[in-house]
Amino acid sequence: MGPVPARIGLTGGIGTGKSHVLRFLARRGVPTVDADDLARLVVVPGEPALGAVVRRFGGEVIAPDGTLDRQALARMVFDDARARQDLEGIIHPAVWQAIGQWFERLEGDAGRGARVGVAAVPLLFETGHKGDFDKVIVTHCSTDAQIARVSARDGLSADAVRRRLEAQMAPDDRLGRADAVI
């Protein structure tokens, strides 16, 4: 069996290129996992986290097909710090458990030669999980670029993107905690 792969965290503000970097690494054979993908999986019908979301936010967050109506939920939490904290308290533990299980499987496959595994986690520092990783890489770009990217990607106004940016950790704080910056 080979050495245990290093645990690398990849984080950054909204629209800074985390997904782009993760795809780049995956195309080159680096094992990767995306917390945003896991966050969608932990709230599919039948998962305990979806029931907890409904208990906290009500049935109006459920689409007619029984799935989570992400837009309805986003309207409830992005302008309400307490609601956002409640949602994070439901989703984050399930996502962190899934990330831990992913790394355990990767470490079990160490004989296949993976030297690193990379987990993209938007709120890595905010959730106090830097210590779960051997190194943390932060993606960064100008605020104007973030606004343009997120507006184009999500169809949001510049003001809506700014509100989301204001809800995140300040870029200088994030950069100061990084082991490397892209």
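Residues numbered from 1 in each chain as written. Predicted model: local features only at pLDDT ≥ 70, side-chain atom pairs only at ≥ 80, totals over all residues. Heavy atoms only, no water.

Enquirer: What am I meant to see in the pairing of strand S4 (residues 135-139) here?
Expert: A regular strand places its side chains so that they alternate between the two faces of the sheet. Relative to S4, strand S1 (residues 6-12) runs parallel, the two sharing five bridges. By the bridge assignment, Gly9 is partnered in S4 with Val136. Pairing of S4 with strand S5 (residues 180-181), which is carried by two bridges, proceeds in the parallel orientation. If you follow Ile137 over to S5, its bridge partner there is Ala180. (Pairing = 2+ DSSP bridges. Helix = DSSP H or I, 4+ residues; strand = E, 2+ residues; numbered from the N terminus.)

Enquirer: Is there a simple way to think about the packing of aromatic side chains in this case?
Expert: The description of two aromatic rings rests on the distance between their centres and on the angle between their planes. Scanning the model with the defined rule gives three aromatic pairs in all. Where Phe103 meets Phe133, the ring centres are 6.0 Å apart and the plane angle is 70°; that geometry is what we call edge-to-face. With Phe103 in helix H5 (residues 81-108) and Phe133 in the loop between strand S3 (116-120) and S4, the pair connects residues that are 30 residues apart, well separated along the chain. Each member of the aromatic cluster is reached from another via a ring pair, and the members are Trp96, Trp102, Phe103 and Phe133. Lying across the ring of Phe24, Arg28 places its NZ or CZ 3.6 Å from the centre. When the ring centre of Phe57 is taken as origin, the NZ or CZ atom of Arg56, which lies over that ring, is 4.4 Å away. (Phe/Tyr/Trp six-rings, centres within 6.5 Å; stacked < 30°, edge-to-face > 60°. Lys NZ or Arg CZ within 6 Å of the ring centre and 35° of its normal.)

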